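# Structural overview
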Amino acid sequence: MEPTTLNIPVLALRGLTVFPHMTLTFDVERPISIAALERAMEADQEIFLVTQREIGVNAPGEKDLYEIGTISHISQILRLSPRSVRCVVEGRRRAHLRRLWQAEPFLQANVEGLEEEVPSEAFRRSPRTEALLRQTWNLFSEYAELAGNMPEEVAATVMDCRDVGYLADFIAQNIALRHTDKQEILEELAPFVRLRKLNAFLARECNVLSFEHEMEGKVRDQLVQSQRDQILRTQIRVLQSELGEEDADDEIDIYRQKIKALALDEDAEKHLLKEVGKLSKQPFGSAEGAVIRNYLDVCLEMPWNTATKERVSVDAARKVLEKDHFGLEKVKERILETIAVRQMNPEGKGQIICLVGPPGVGKTSIAVSVAKALNRKLARLSLGGVRDEADIRGHRKTYIGSMPGRIIEAISRSGSMNPLLLLDEIDKLGSDYRGDPASALLEVLDSEQNYAFRDHFLEIPVDLSKVMFITTANTTDTIPRPLLDRMEVIRLSSYTDEEKVQIARRHLLPKQMAEHGIKKGALRVSDDVLRAVIRDYTRESGVRLLERRLAAICRKADMRLLTGDVKRITITEIDLPKLLDCQPYPPALHTEKEEVGVVNGLAWTEAGGEILEVEVNVMEGSGKLELTGNLGDVMKESAQAALSCLRSRAMVLGIEADFYKTKDIHVHFPEGAVPKDGPSAGIAVTTAMLSALTERKIKAGVAMTGEVTLRGRVLPIGGLKEKTMAALRSGITTVLIPKDNVRDLEEIDQTVRAALRFIPVATVDEVFAAALCPESDPVREEVATHVAAFTPITRETGSDAALRQ
């Protein structure tokens, strides 16, 4: 059948779509639309209904109309007013807008009727069609249940209909879809595709309605709770009024008075008053009001424009430091220099000092003494394990449980804007996905920037230029370089045994006796006993373990004074194992006897210096080099370099030329559970290998440190001061050091320099000459053996045996 073209009036619909075989009632107000209805009623009552693309267009042209519409029959027209009519139309069939040839006084166009596809009887009964229909029924049932206002006759018609095309048009006409979605359904001529599109729109509308119901439920619950809270607040307000308690207006006035009394700068005062204004507009008990109150309370607790009067006197500071600390002369001198600068220039910027040294050497106590000497308030911040940048800068006040950073909290706690802030364990800062606190400290510890430090919580500039910062660390290796560059580093070395004796006598023992309630004359501990405790029961750079040992002695003394008839106790060296509940440390294994393949190296750790023994065994094999002892890559490479150095000098050193093919060499560093790394054990490994390969013994009481190269040069190392103190504690008498480290001997304590013999070495040949015993003469050894065979056996005392050895 050929399509027919009609010349009929056109009615442009705004937001409406009419489907074939559907009846629709709507109101018409535009003059051109009323004129089109009247023209249609004069003829055969047929009119072309088409939807506008944009609802806001009052005088639509052809480009403003969709191309597909519906030829409809006007069933009834009711005039509501001179400018408004209500009409009832019935859709007949789809049509295509060919040309809109008239726009005044009404729209007139040529339209072409469209024939819809008619599915075959087999297609209507196919399982695919049945599945599509069931999907449509299920979706419509869900939609009707969620919408809640679906007429029963509409639902019944949907459930009884099996015509795919009609069902799609009927549902699209009777549900709330956007006019663009309805137009898409109208333009689809294939019934099966049309219904599938409708199902997609139904599924979307079901999801939207589900979310709407969910949000309505939440809003309803909140309204119920809000009404309940409002009733309770009203009751509370009435009760407060009856009790004569302070109301909200008085609270706002108090906040304003406190802010103005602080005499802040204009911007800060304006910001705080703005927050007070926000608080005044909050309803009683609101969450936002609680946040603002907390913020204002924190800001008002800050010691704005409050500072302690600084006592800048070098003489007074020297007295305090000498009273609280023994030794550490260079450290105290450097701190006194800083105080002298403050005395000469009181308006100078705050100093930033970093005290670096092993645990227990007095870093924190020195900072306390400096604060006492300067008459500054002290606030301590422990930074060990801090991993969140917000710990330094604070959290935004909008977060639940937010608070200012540790810097602002410490200043508030100190009650002064010029305190001494002790940032303890700055080398143990961490970093993760929450930020890098070390980077946040860059602004805090920069005297050129910290005059306007902004905490995330306060949002007000805080002047930190008057604050004196002292940081402590065990090592500078883990401190980021930009942060370290902002600090003046002062290094604290390990205490000597004599310094520990004086510290124990002047500070530790009186402190422990007072804490344990022992009177001054009730306990006697001689200096020899203190030396025995230090030498045999403590091995540390600081004095913390020594203080614990003295505390153990005081506890045992309390028991004797309470359970016995004695009034005075004198401690002797014989009593120490029983009093301390432990045996003394065993003497160093390889400091008093000569051995083959065992060398005493020297190592540096964060806790100070230590003896690092190197053991080498040589066995028949295929030339393998075995390295054990939990070694790092640098130390493994150092052992490889030592072996290559010996191979290049095999002929000169008297080693078999093919030892690297016929011998297996095993290098071991005892205490295998402890990680070890670094190149400073190079000459120790080289010497131990040579000793094991040539069976020459290492001299007793010798220790060494230095990096070795392939050509046999000895390179300088670090940590010489701590290493030499460890050598002295372990009974070493001779220390081999790189020649380039001779300049570092000036920093070593005089007691250590006097007790040890230092041998500077530049090459491994000098190391071998100083550390290895002379090669033995076989003829002389054979004569000595025969003489010993005819020597009568006599009894000798222990002291004679010791002298003979």
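Residues numbered from 1 in each chain as written. Predicted model: local features only at pLDDT ≥ 70, side-chain atom pairs only at ≥ 80, totals over all residues. Heavy atoms only, no water.

## Observations concerning the overall build of the protein
This is how the line gets drawn: A helix here means a DSSP run of H or I that spans at least four residues, while a strand means a run of E at least two residues long, and both kinds are numbered starting from the N terminus. We call a residue buried when its accessible area falls under 20% of the maximum for its residue type, exposed when it is over 50%, and partly exposed in between, using a 1.4 Å probe and counting protein chains only. Computed with the Shrake-Rupley method and a 1.4 Å probe, the accessible areas treat only the protein chains shown as cover for residues. As used throughout, the charge tally considers Lys and Arg to be positive and Asp and Glu to be negative, leaving His and the chain termini uncounted. All charge positions are set by atom: Lys at NZ, Arg at CZ, Asp at CG, Glu at CD.
Looking only at helices and strands, the protein has 30 helices and 26 strands in total. Taken over the C-alpha atoms alone, the protein extends approximately 155 × 85 × 55 Å along its principal axes. Buried positions account for 46% of the 805 residues belonging to the protein. Of the roughly 42,500 Å² of accessible surface on the protein, 51% is carried by carbon and sulfur atoms. The protein carries 107 positive and 124 negative side-chain charges, and their two centres are separated by 5 Å.

## Digging into the pattern of salt bridges
Filter applied, for reference: Within this document, salt bridges are pairs made up of a side-chain nitrogen of Lys or Arg and a carboxyl oxygen of Asp or Glu, the two lying within 4 Å of each other.
Inspection of the entire model under this criterion finds 31 salt bridges. The partner of Glu130 in a salt bridge is Arg134, and the shortest N-O contact between them spans 3.2 Å. Residue Glu130 and its partner Arg134 are located together in helix H3 (residues 127–147), separated by four residues, close to a single helical turn. For Arg649, the salt bridge identified is with Asp765, shortest N-O distance 2.7 Å. Of this pair, Arg649 sits in the loop between helix H22 (633–648) and helix H23 (650–653) while Asp765 sits in helix H28 (residues 764–771), and the two are 116 residues apart along the sequence. Through salt bridges with shared partners, a single network forms among Arg94, Glu116, Asp169 and Arg194.

## Considerations on the confidence of the model for the protein
Quick note on the threshold: The pLDDT value expresses, per residue, how confident the predictor is, ranging between 0 and 100. By definition, residues are in contact when any of their heavy atoms lie within 4.5 Å.
Looking at the protein as a whole, its pLDDT mean stands at 82, while 92% of the residues score no less than 70. Segment residues 777–805 is flagged for pLDDT under 50; beyond a separation of four residues in sequence, or across chains, it makes three contacts in the model.

## What about the packing of helix H18 (residues 497–515) against helix H20 (residues 544–563)?
What counts, and what does not: For helices, the fitted line uses only the C-alpha atoms of the stretch in contact; every axis is such a line through C-alpha atoms, and the angle between N-to-C directions lies from 0 to 180 degrees. Any angle between 65 and 115 degrees counts as roughly perpendicular, while under 35 counts as roughly parallel, over 145 as roughly antiparallel, and the rest as oblique. In this scheme the handedness of a crossing depends on how the near helix is turned from the far one: anticlockwise by less than a right angle means left-handed, clockwise means right-handed.
At a minimum axis distance of 10 Å, the contact between H18 and H20 shows a crossing angle of 45 degrees. On the basis of their axis angle, the class for H18 and H20 is oblique. In this structure, the crossing between H18 and H20 has a hand that is right-handed. For the pair formed by H18 and H20, the contact residues are Lys500, Ala504, Leu508, Leu509, Lys511, Gln512 and Met513 on the first element and Leu546, Glu547, Leu550, Ala551 and Cys554 on the second.

## Side note on the pairing of strand E2 (residues 23–28)
Stated formally: Any two strands with at least two DSSP-identified bridges between them are counted as paired.
On E2, burial follows the alternation: Leu24, Phe26 and Val28 on one face are buried, whereas Thr23, Thr25 and Asp27 on the facing-out side are not. In terms of strand pairing, E2 meets strand E5 (residues 84–102) through six bridges, oriented antiparallel. Along E5, the bridge assignment pairs Asp27 with Arg86.

## Some words on unusual backbone geometry
Residues Glu104 and Pro105 are joined by a peptide bond in cis, for which omega reads -5 degrees. Relative to the assigned elements, Pro105 resides in the loop between E5 and strand E6 (107–113). At Ala263, a position not held by glycine, the phi torsion is positive, near 55 degrees. With respect to the helices and strands, Ala263 occurs in the loop between helix H8 (248–261) and helix H9 (266–280).

## Focus: H9
Note the following rule: Here the expected span of a helix is defined as 1.5 Å times the quantity of residues minus one. For the purposes of these results, a polar contact is taken to be a pair of N or O atoms within 3.5 Å, where, inside protein, one atom must be able to donate a hydrogen and its partner to accept one; residues adjacent in sequence count only when each atom of the pair is a side-chain atom.
Between its terminal C-alpha atoms H9 stretches 21 Å, which fits the 21 Å expected from 15 residues at 1.5 Å a residue. Regarding H9, the residues found buried are Ala268, Leu272, Glu275, Val276, Gly277 and Leu279. Sitting at the amino-terminal end of H9 is Asp265, which places a side-chain oxygen 3.3 Å from the backbone nitrogen of Asp267.

## Here we look at the environment of Leu279
By secondary structure assignment, the location of Leu279 is in helix H9. Relative accessible area serves as the criterion here: at 4%, Leu279 is assigned to the buried category. Each C-alpha atom, one on Leu279 and one on Ile252, is 7.7 Å from the other, the two residues being 27 residues apart in sequence. With sequence-adjacent residues up to four places away left out, Leu279 is seen in contact with Ile252, Tyr255, Gly289, Ile292, Arg293 and Leu296.

## Observations regarding the nonpolar core
Note the threshold: We define a nonpolar core as any set of buried Ala, Val, Leu, Ile, Met, Phe, Trp, Tyr and Cys residues linked to one another through side-chain atoms lying within 4.5 Å.
Grouped together as the largest cluster of nonpolar side chains are 54 residues, with contacts concentrated most on Ile470, Leu523, Ile571 and Leu576. Sequence-distant contacts of Leu523, defined by excluding residues within four places in its chain, comprise Met513, Ile518, Cys554, Ala557, Ile569 and Ile571. In terms of nonpolar packing, the next biggest core, distinct from the first, is built from 52 residues, Leu279, Leu381, Leu421 and Leu423 among them.

## Considerations on the sheet that holds strand E12 (residues 468–473)
Taken in spatial order, the five strands of this open sheet run E8-E9-E12-E7-E13, and their pairing is parallel. The open sheet has two free edges, formed respectively by strand E8 (378–382) and strand E13 (488–491), since each of these has just one partner strand. Across the sheet, the axes of successive neighbouring strands diverge by a mean angle of 20 degrees, strand direction being ignored. Each of strand E7 (352–356), E8, strand E9 (420–424) and E12 is contacted by helix H13 (residues 363–374), which is oriented at about 165 degrees to E12, the strand it contacts most. Across the face of the sheet, helix H15 (residues 406–414) comes into contact with E8 and E9 while running at roughly 150 degrees to E8.

## Section: the pairing of E9
With five of five residues buried, E9 lies mostly within the body of the structure. Neither face of E9 is open: one carries Leu420, Leu422 and Asp424, the other Leu421 and Leu423, and all of them are buried. When E8 meets E9, the two strands line up parallel, connected through five bridges. Paired with Leu378 across the bridge in E9 is Leu420. Where E9 and E12 come together, four bridges link them in parallel fashion. For Leu422, the partnering residue across the bridge sits in E12 and is Ile470.

## Examining the packing of H3 against helix H4 (residues 152–160)
The line we're drawing: Here the term charged refers only to Asp, Glu, Lys and Arg, the term nonpolar to Ala, Val, Leu, Ile, Met, Phe, Trp, Tyr, Cys and Pro, and the term polar to all other amino acids, Gly among them.
The interhelical angle for the contact between H3 and H4, taken along N-to-C directions, is 165 degrees, at an axis separation of 10 Å. The orientation of H3 relative to H4 falls into the category roughly antiparallel. Note that H3 runs across H4; the crossing there is left-handed. Across the interface between the two elements, Trp137, Phe140 and Ser141 of H3 pack against Val154, Ala155, Val158 and Met159 of H4. Its residues placed into classes, the contact of H3 with H4 shows six nonpolar, one polar and no charged.

## Description of the side chain of Thr51
Along the chain, the position of Thr51 falls in strand E3 (residues 46–51). Here Thr51 falls in the buried class, since its relative accessible area comes to 2%. Side chain to side chain, Thr51 and Thr17 meet in a polar contact 3.4 Å long.

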